[in-house]
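These are the residues of each chain, in order.
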Amino acid sequence: ITVDAFKYGKIPHCTAYFLSHFHSDHYNGLTSKWSNGLIYCSTVTGNLVIQKLKVARNFVRKLPMNDEVSIDSNNDITVTLIDANHCPGSALFLFKLKDKSGRIKRYLHTGDFRACPRQVLHSAIVQPQNPAIDILYLDTTYLNPQYCFPAQEQVVNAVIKLIRKAINRGELIPMKRSSGYNGQWRNKQPRLDKSQLALDKCKILIVIGTYLIGKEKVFFGIAKAFRSRIYVTDEKRKMLMCQEIPGIESLLTNDPHQASVHVVSLMSIKSSSLFAYLESLKPTFKYVMAFRPTGWAYKGQKFSSSSTTEEILNTSTPFTIDSITPTFSTSICQIFGVPYSEHSSFRELAAFVLSLNIRKIIPTVNIGSEKSRENMNYWLDNWQKEKDKNKNIKVVPYNTVDHW
Ligand SMILES: [Zn+2]
């Protein structure tokens, strides 16, 4: 068995090639000519592999989420897919391998993931009901105390509030730019006619920058809040159709004048492109608010190397409308970076590891340098000691199963 190892071509003795999700750094090497063995993945990832990479259907095995599935005739190898909360179709793989003596070894591979309570509450791994995981292959992208960022839900809610504020004003809100420039323009009386309080009535266009896959919750959340349809390119539409989301057809449109929420490539989120875009859509739209969701835009509290586990778990990362500052702001065009991450924050990694019974952890990201490996192992060892001290491992407390 291998996971996300397509760049090596045919691997001796490998009979099952697993793909955790449809991001190019993970499927790299997988092409329409693939014939090295069966590819196992979620249904959505399988759809994308067939549709986008043109891999022959007979090499793709789409697996259901949450059910334990046997992948060999002797029932010696099983896999369970758990939602990775990363991009659509992304999965954690729980493998159970029976060795010659009949002992079952358990391996959990996270692929890329954003840790959340729902995952560690899954019946296949929840503590204390399940045996220990022998090896955890962990997405350690942000396993560094400087990486604090809020929950996705908090960020989407703050963005919705900011847009609502602009609607209530009937135009963009004068805002201080993050570089210090004060974007003051004329004061405006609040609107009296309530029927005018909608994105299309105010001629405000919302633009979200994304890659081909990912950040879906941002534009779906905004479109839902303002009852707007979503304009996407044909290519993006094909990607979204692979995700088998009920009712999605009626939500999407290929007429940019019919939707107040537009999804564009991340590269188009710059002032020159946005001015030209707005110009091309006049008179339907007069203003544009553009959002660039990235993992890096948060300037809140950070942890340090001396932070205790208790501090890490109990420190919240607040995010409100006041946390959003534009990187560009004029009276008709504003650009905002928002800290919307599809990888776990440092704190979420701590909560995930502390919630599970694990014998050994193998980091899968930032493993290039000795120093970085040492720093990551420092934290992983700390959390292991914490668990050894408490004996009983249980799920780290949470308010909602969606995030810690
Ligand atoms: Zn990824």
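Higher on the page you've got the structure.
Numbering of residues begins from 1 in every chain and follows the order in which that chain's sequence is written. In view of the model being predicted, local features appear only for residues whose pLDDT reaches at least 70, and side-chain atom pairs are presented and counted only at 80 or more, with totals across whole chains, interfaces and linings using the full set of residues. Heavy atoms from the whole structure form the basis of all side-chain values; hydrogens and water molecules are not counted.

K.L.:
Which residues make up the pairing of strand β16 (residues 333–339), and what are the values?
P.N.:
When accessible area is computed with a 1.4 Å probe and restricted to protein chains, residues below 20% of their type maximum are described as buried, those above 50% as exposed, and intermediate ones as partly exposed. To qualify as a helix, a DSSP run of H or I must reach at least 4 residues; to qualify as a strand, a run of E must reach at least 2; elements of each kind are numbered from the N terminus. Across the 7 residues that make up β16, a large majority, 6, are buried. When DSSP finds two or more bridges between two strands, those strands count as paired. Direction of pairing for strand β14 (residues 287–294) relative to β16: parallel, over a ladder of 7 bridges. Within the sheet, the bridge partner assigned to R292 lies in β16 and is G337. In the sheet, strand β15 (residues 326–329) pairs with β16 via 3 bridges, with the strands oriented antiparallel.

K.L.:
If you had to explain the nonpolar core to someone new, which residues and values would you point to?
P.N.:
Grouped together as the largest cluster of nonpolar side chains are 38 residues, with contacts concentrated most on I163, I206, I222, M289 and F291. Those elements that provide at least two residues to this core are α4 (152–169), α5 (199–202), β10 (204–210), α6 (216–225), β13 (261–265), β14 and β16. Any two residues having at least one pair of non-hydrogen atoms within 4.5 Å are treated as being in contact. I206 has contacts with I163, L199, I222, S260, V261, H262, M289 and F291, leaving out every residue within four places of it along the chain. Within the second largest apolar cluster, 35 residues are counted, among which are L108, I312, A351 and L380. Residues grouped as a nonpolar core are buried Ala, Val, Leu, Ile, Met, Phe, Trp, Tyr and Cys residues, joined through side-chain atoms within 4.5 Å.

K.L.:
I'd like a rundown of the sheet that holds β14, residues and numbers included.
P.N.:
In a beta sheet, neighbouring strands are held together by backbone hydrogen bonds and run either parallel or antiparallel to one another. Spatially, 7 strands are ordered β12-β11-β13-β10-β14-β16-β15 in an open sheet, and the strand pairing comes out mixed. Unpaired on one side and paired on the other, β12 (252–253) and β15 mark the two borders of the sheet.

K.L.:
Before we move on, could you go through the coordination of the zinc ion and cite the residues and values that matter?
P.N.:
Here the zinc ion is held by H21 (NE2), H23 (ND1), H86 (NE2) and D112 (OD), and the distances to it run 2.1 to 2.3 Å. In this description, a donor is an N, O or S atom within 2.8 Å of the metal centre, a cutoff extended to 3.2 Å for sodium, potassium and calcium. Water is not part of the atom list, which can make sites seem incomplete. Angular criteria define each label, namely tetrahedral for four donors with all angles between 85 and 135 degrees, square planar for four and octahedral for six donors with opposite donors over 155 degrees apart and remaining angles between 65 and 115, and irregular for whatever fails these tests. Metal-centred angles of 91 to 164° between the 4 donor atoms at the zinc ion mark the site as irregular. Spacing between the donor residues of the zinc ion along their common chain follows H-x1-H-x62-H-x25-D. Remark: D112 occurs in the loop between β8 (104–109) and α3 (117–120) and H86 occurs in the loop between β6 (77–83) and β7 (91–98); sequence separation between them is 26 residues. Judged by its relative accessible area of 6%, H86 falls in the buried class.

K.L.:
Give a detailed account of the pairing of strand β3 (residues 38–42), specifying residues and quantitative values.
P.N.:
Where burial is concerned, most of β3 is hidden: 4 out of the 5 residues are buried. Pairing between strand β2 (residues 16–18) and β3: 3 bridges, direction parallel. Residue pairing in the sheet places Y17 in a bridge with I39 of β3. Note that β3 and strand β4 (residues 60–63) share 4 bridges and pair parallel. By the bridge assignment for β4, S42 is matched with L63. What joins β3 to β4 is helix α2 (residues 43–53), and the crossover it makes is right-handed. Seen with its strands pointing away from the viewer, a crossover is right-handed if its path from the first strand over the helix to the second goes clockwise.

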